[in-house]
Amino acid sequence: MTPPSPDLSDHDSTLAPPPGCPAHARRAAGGSTRLYGPEYEADPMRVFEQLRAKHGAVAPVLLTGDLPGWLVLGYREILEVLRTPGRFSHDSRIWNELKQGRVPQDSPVLPVIAWRPDCLSADGEEHRRLRDAINESMGRFDRRGIRRYVTRFTHQLIDAFAADGQAELVTQFAQQLPMIVLTQMLGMPEEYGPRIVEAATELVKGSEKAVASHQYIMEVLRELVARKHTAPGPDLASWLIDHPAKLSDEEVVNHLWLVLIAANENTTSLMASTLRMVLTDQRFRASLTGGHMTLPDAVEQVLWDEPPTTVVPARWATCDTKLAGRSIQAGDMLVLGVAGGNVDSAVRPDLNTPMHGNRSHLAFGGGPHECPGRDVARAIADTAVDALLMRLPDIQLSVLESELLWRSSTWTRHLVALPVQFAPRRVDPVPAARRPRDTAARPAPQSAPAEAAGSTQSPPVHAGGPRRSWWQSVKRRLLRR
Ligand code: HEM
């Protein structure tokens, strides 16, 4: 990779921390800043603004293990990278660090950027083949049907805590709903839902259970695909298998994995941030109740101000090229600081101006890989938050806003918990219309994956008698917390 220009500004004394300052640990030799570690994780946006002030739209950075890359922070430059796949490929196999053997096999960067047989890793014609399969299969869902699912499961989740007068909305609400909806879309047996939520959480946290969790999810998806060959249904797995693009089983499994993981984590984060904004920003809530702002407007504002993925990984230069005046060499890695791009003064001179109705933020990427699930994510977030506010209009944060904790990584920044209180409500028995669909007609899994996600408990599979519903399992888990 091209070293940053060795000019003295890289060691500018006004920016350089005094000896002993922890910020030293963040800045490595050559002026590159680490996009990991406590300094960065405490406040990624501050680091982005320091980098922008020092380097402009493209800054030299180091990822975990001090692997070099370029962080793109300019709104226009991010779009330039996203829209020119001929110059900036999504195929990590051309990464010069990888080719020269400088990326350790156990690098935590690899699971995020490693090549997989899915549309995210592909360019050009191959990308179009895979993307058509995803677009056309997702297009077969009835949008109102998805909103109906979301509404039904939202009410069931609220029913689980409405009588308590208090709840923790990240674990009891935002982390549950997207996965419930996604497992329905994918055509997964409902029994697996709670275990998948748990495994996906461990995977994204990068905990010691991450590898086992990944294996568990892949195993469940392989079983699912095998079953859908013989018993197809109106779901994403069956439609991908059936698509004229003729995806191999491995490609179908990898696309289901991509949808499950990318969608769940991001949509959970979007819901949590929207809830936080509604609960903490009085003007925001007043605008909503006064009808000056709709919930979809509020969701869009969050996508501008707190995009669930702060840094989108990654692209690799296919040739020596220039970006914002920087020389980028073939094989260099670029990561896209969309949270920084969204507040670039070139497009938002005044950050206090509301972005009502403006969807041109970078939260869903852009160009050929732009998120195909954006409307599903929006439907989940705005339907769920709207229903929660309707059911519990007196809902309030039960801690100070300053006490809220965040968890950050190189790529994301998420709320850890959102404790709330409200007047307890009597919960009527679940009306038939809101109950999860009857599972009796669904095929039982061939075998229950054991030892998944570090646990010895198998998903409940009741071969003969009535099977426990997805919802009962979720509720049991919530009550155990
Ligand atoms: C708030 C929620 C979501 C956010 C912020 C989000 C964000 C993104 C971003 C930034 C990309 C582009 C990555 C890149 O260019 O490297 C992407 C791609 C993708 N997303 Fe989402 N996503 C969300 C929800 C979903 C949902 C609900 C689904 C599916 C149901 C989904 C499926 C995908 C897929 C399949 C891709 C790969 C597309 C391709 O490579 O052509 N996402 N997402």
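It should be noted that the structure appears before, not after, this text.
Residues numbered from 1 in each chain as written. Predicted model: local features only at pLDDT ≥ 70, side-chain atom pairs only at ≥ 80, totals over all residues.

S.K.: Give a detailed account of the overall build of the protein chain, specifying residues and quantitative values.
M.R.: Within the protein chain one finds 19 helices and 13 strands. By residue count, 44% of the 481 residues in the protein chain fall in the buried class. Considering only intrachain contacts with a sequence separation of at least 6, the fraction spanning at least 24 residues in the protein chain is 72%. (Helix = DSSP H or I, 4+ residues; strand = E, 2+ residues; numbered from the N terminus. Buried ≥ 20, exposed ≤ 12 C-beta atoms within 10 Å, placed from the backbone. Contact = placed C-beta atoms within 7 Å.)

S.K.: Now, about the sheet that holds strand β2 (residues 58–63): what can you tell me, with residues and values included?
M.R.: One open sheet accounts for 6 strands, arranged β1-β2-β3-β9-β6-β4; its pairing is mixed. The sheet terminates laterally at β1 (33–34) and β4 (88–89), the two strands that pair on one side only. Sitting on the sheet, helix α3 (residues 44–55) touches β1, β2 and β3 (67–72), and the angle it makes with β2 is about 135°. (Pairing = 2+ DSSP bridges. Axes fitted to C-alpha atoms, helices over the stretch in contact; angles between N-to-C directions.)

S.K.: Describe in detail the nonpolar core, supporting the description with residues and values.
M.R.: Within the largest apolar cluster, 116 residues are counted, with the highest numbers of intra-cluster contacts made by V72, L177, M271, L334 and I380. What M271 contacts, discounting residues up to four positions off in sequence, is A174, L177, I380, A381, A384 and V385. (Core = buried A, V, L, I, M, F, W, Y, C linked by C-beta atoms within 7 Å.)

S.K.: Summarise the packing of helix α14 (residues 249–280) against helix α18 (residues 374–391); cite the residues concerned and give the values.
M.R.: With their axes 9 Å apart at the nearest point, α14 and α18 run at an angle of 35° to one another. The two elements α14 and α18 cross, and the hand of that crossing is right-handed. Of α18, the residues touching α14 (which contributes A263, N266, T267, L270, M271, T274, L275 and V278) are A377, I380, A381, A384, V385 and L389. Class assignment of the residues belonging to the contact of α14 with α18 gives a composition of 11 nonpolar, 3 polar and no charged. (Left-handed = near helix turned anticlockwise from the far one by under 90°. Nonpolar A, V, L, I, M, F, W, Y, C, P; charged D, E, K, R; others polar.)

S.K.: Describe the pairing of strand β6 (residues 312–317), and please don't skip the residues or the numbers.
M.R.: Summarising burial for β6: 5 of the 6 residues are buried, a large majority. The sheet contact formed by β4 and β6 spans 2 bridges and is antiparallel. Within β6, the residue paired with S89 across the bridge is W316. Here 3 bridges tie β6 to strand β9 (residues 333–336), and the two strands are oriented antiparallel to one another. Note that in β9 the partner of R315 across the bridge is L334.

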